[in-house]
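# Examining the three-dimensional arrangement
Residues per chain are reported as follows:
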Amino acid sequence: MNKHLLSAGDLTAGDIRLVLDTAGHLAKLTDRAIKKVPTLRGRTVCNLFFEDSTRTRISFELAAKRLSADVINFTAKGSSVSKGESLKDTAITLEAMGVDAIVIRHPASGAPVRLANWVKAHVVNAGDGTHEHPTQALLDLYTMRQHFPSFDGLRVAIVGDVLHSRVARSNVLALKTMGAEVTLVAPPTLLPTSVDQWGVGVSYDLDAVLPKTDVVMMLRIQLERQSAGFFPSVREYARLYGLDARRLDAMPDSSIVMHPGPMNRGVEIAAEVADSIERSVIASQVSNGIHVRMGLLYLLLGGPAVTEPGRLPEEVPA
Amino acid sequence: MPTSRATPGSARPRWPEVIDPEPKPLLDAADVGRALTRIGHEIAERNKGTADVVLVGIHRRGVPLAARLAAKLTEIEGRPVPAGSLDVAMYRDDIGLRPPAATHDTSLPSDLNGKVVVLVDDVLFTGRTIRAALDALVDFGRPRAIQLAVLVDRGHRELPIRADYVGKNVPTSMAQDVQVQLTETDGADRVVITAGASMDASMEASA
């Protein structure tokens, strides 16, 4: 493992397997009467959120608390940021208070990388602009592994607003590392211009891709973007790229439906598909998120304090 | 000049038994089997049967040992004895002092309230793993009693902990390394003592 988790592209296949395996073992804690272990007693994790978030912040908070770390929640609203304090000064303040890890969500792509250069604490990217959301990719891979024995040759379709999606970027990087076959499906206006360099399949035709797909990951259409002219109307988008019951029937019986949330029911995903008991794993993605973040925090903070960036020391197998 | 030891350059060592890299095992497969049979009888005797007994193996090699002891006890008493596994990585006292220990699944066979839990591990050394295991166990309930069974007790305790059932007491030096190898994890049953860190390093270098 690296000291920081800034991009899913920094994780080796071994790192990803280690996080998923550790998360799998820690998931058993949820079935116990006492859901807490004393592992990270005395460590402090700061959730530094400059953007609104429900599930990611609560997920990180629960993960840290189940490992007995102390958690500070910082939201830009109501803090000195609204008085004009810069990210750097905020970081220096947190550092002076002695936090061991900073979980940051920021509207600007690259903010976590900047932060990692200023602080000695571990930095975990919890979503930066349209860049990356690596823990979402890890929890998505964990969820896929619950349903499929191997990533090798697993056919994953990521459908929707790839252009603005940090979830798509992180998933593409992690899935490629694990040997999955990724296809991006979107109208041409919602694909990045450099998508041909991503090393993945690209299609504009959802109906052609679905019969050859094991995992379909629907991305949220950010409705505020309709005015920017990326697609003619929400109805047309839903007709061409929305996942409804008819399209679900065209997929293999063993396939699963994922969505990082929050969902626009009736736009990118029909309510009956989102609530499908057999095929939708959207609810388990949320619970898996806690386990994956617990595994990650344990692997980052469970070792000796490290001041320099780079690889963390690894255990020599006995 | 004649020499009784193989020199690094020589094609064939003259006295193979002198440089035999395979140390004679402290316990061989039959010894391990006999030790477990005896411990099984001792557990049944001490607890007047196996009515409330639950065997809990500590990862990694305590787990197959607990399963084998459960089979022995089932044979001895004629009724099934539950066995489970316990991971203590989250309860260790050296978290933050060394790289994070690998995690394993904890799977306990039943509610531990009122049960007699027999913790099972391969080697009892400093006692720190057992301390972590005691902490982990109480998060699952309140056993009536907790006992400890180990295949090898090598001494050098750093905590006030002792074993109730011991396969073999082995006086060792701190520099030595006691390795328990089991069919389930290592392909064969045996216990060996190696010279410890320095020999390990040379073995790794040659591997």
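Everything quoted here is computed from the prediction, not taken from an experiment.

## Some details on the overall build of chain A
Looking only at helices and strands, one finds 11 helices and nine strands in chain A. Relative to its length of 318 residues, chain A is compact, with a C-alpha radius of gyration of 20 Å against a globular reference of 20 Å. If one aligns the C-alpha atoms of chain A with their principal axes, the spans along those axes are about 55 × 50 × 40 Å. Considering chain A as a whole, with its 318 residues, one finds that 47% of them fall into the buried category. Expressed as a percentage of contacts within chain A between residues at least 6 apart in sequence, the contacts between residues at least 24 apart total 75%.

## Things to note about the nonpolar core
I102, V159 and L297 of chain A together with L55 of chain B are the most contacted members of the largest nonpolar core, which totals 144 residues. The element that contributes the greatest number of residues to this core is helix α11 (residues 282-301) of chain A, accounting for 10 residues. With sequence-adjacent residues up to four places away left out, L55 of chain B is seen in contact with A66, L69, A70, V81, A83, V118 and V120 of chain B.

## Section: the interface of chain B and chain A
With 17 residues of chain B in contact, the opposing surface of chain A contributes 18 residues. Here the side of chain B that touches chain A is composed, by residue class, of nine nonpolar, four polar and four charged.

## Quick look at the environment of S80 of chain A
Residue position: S80 of chain A is located in the loop between β2 (70-75) and α3 (87-96). Sequence separation between S80 of chain A and T90 of chain A is 10 residues, and the spatial gap between their C-alpha atoms is 8.1 Å.

## A short note on the pairing of strand β2 (residues 83-86) of chain B
Burial along β2 of chain B is two-sided: the face carrying A83 and S85 of chain B and the face carrying G84 and L86 of chain B are both buried. Between strand β1 (residues 53-58) of chain B and its parallel partner β2 of chain B, the chain crosses via helix α2 (residues 62-77) of chain B, and the hand of that crossover is right-handed.

## Let's talk about helix α2 (residues 55-66) of chain A
For an α-helix, 3.6 residues make a turn, and residues three or four places apart therefore share a direction. All names here are of chain A. Taking 1.5 Å of rise per residue, the 12 residues of α2 would be expected to cover 16 Å, and the 16 Å separating its terminal C-alpha atoms lies within 8% of that figure. Residues of α2 that are buried: T56, R57, S59, F60, A63, A64 and R66. Where α2 is buried, its residues meet β1 (44-49), β2, β3 (101-106), β4 (122-128) and α11. S68 sits one or two residues past α2 and shows a positive phi near 70°.

## Some details on helix α5 (residues 134-147) of chain A
Residue and element names in this part refer to chain A. Spanning 14 residues, α5 covers 21 Å between terminal C-alpha atoms, matching the ideal 20 Å at 1.5 Å per step. With 12 of its 14 residues buried, α5 lies for the most part within the structure. Of the residues making up α5, those classed as buried are P134, T135, Q136, A137, L138, L139, D140, L141, Y142, T143, M144 and R145. For α5, the elements touching its buried residues are α1 (13-26), β4, α6 (166-177), β8 (215-218), β9 (256-258) and α11.

## Quick look at unusual backbone geometry
Look at the link from G261 of chain A to P262 of chain A: it is a cis peptide, with omega at -10°. Of note, P262 of chain A is situated in the loop between β9 and α10 (271-274). Positive phi, normally seen in glycine, also occurs at S68 of chain A, with a value near 70°. Given 15 C-beta atoms within a 10 Å radius, S68 of chain A is considered partly exposed. Positive phi is not limited to glycine here, since K48 of chain B has a value of about 50°. Residue placement: K48 of chain B occurs in the loop between α1 (29-46) and β1.

## Quick notes on the sheet that holds strand β5 (residues 165-169) of chain B
Residue and element names in this part refer to chain B. Taken together, five strands build an open sheet; the order of strands is β2-β1-β3-β4-β5 and the sheet is parallel. The sheet terminates laterally at β2 and β5, the two strands that pair on one side only. Looking at each pair of strands side by side, their axes are set apart by 25° on average, direction ignored. Note: β1 against strand β3 (residues 116-124), five bridges, orientation parallel. Note that in β3 the partner of V53 across the bridge is V116. In the packing of α1 onto the sheet, contacts are made with β1, β3, β4 (145-153) and β5, and the angle to β5 comes to roughly 150°. Across the sheet, α2 touches β1, β2, β3 and β4, and the angle it forms with β1 is around 155°.

## A short note on the packing of α5 of chain A against α11 of chain A
For any two helices packed against each other, one specifies the crossing angle of their axes together with the interaxial distance. Residues and elements named next belong to chain A. Put simply, α5 and α11 touch, their axes get as near as 8 Å, and they point 115° apart. Classified by the interaxial angle, the pair formed by α5 and α11 is roughly perpendicular. Note that α5 runs across α11; the crossing there is right-handed. In contact with T135, L138, L139, D140, Y142 and T143 of α5, α11 contributes S284, Q285, N288, G289, V292, R293 and L296.

## Description of the domain arrangement of chain A
Residue and element names in this part refer to chain A. For chain A, the assigned domains are domain 1 (8-132 + 286-301) and domain 2 (134-282). Just the C-alpha atoms count here: the centres of domain 1 and domain 2 sit 25 Å apart. At the interface, 23 residues of domain 1 touch 18 residues of domain 2. Those elements that provide at least two residues to the side of domain 1 that touches domain 2 are α1, β4 and α11.

Rules of the game
Residues numbered from 1 in each chain as written. Chains lettered and ligands numbered in written order. Predicted model: local features only at pLDDT ≥ 70, side-chain atom pairs only at ≥ 80, totals over all residues. Helix = DSSP H or I, 4+ residues; strand = E, 2+ residues; numbered from the N terminus. Rg over C-alpha atoms; globule rule 2.2 N^0.38 Å. Buried ≥ 20, exposed ≤ 12 C-beta atoms within 10 Å, placed from the backbone. Contact = placed C-beta atoms within 7 Å. Core = buried A, V, L, I, M, F, W, Y, C linked by C-beta atoms within 7 Å. Nonpolar A, V, L, I, M, F, W, Y, C, P; charged D, E, K, R; others polar. Right-handed = clockwise from strand over helix to strand, strands pointing away. Expected span 1.5 Å × (residues − 1). Pairing = 2+ DSSP bridges. Axes fitted to C-alpha atoms, helices over the stretch in contact; angles between N-to-C directions. Parallel < 35°, antiparallel > 145°, perpendicular 65-115°, else oblique. Left-handed = near helix turned anticlockwise from the far one by under 90°. Domains from an automatic or database assignment.

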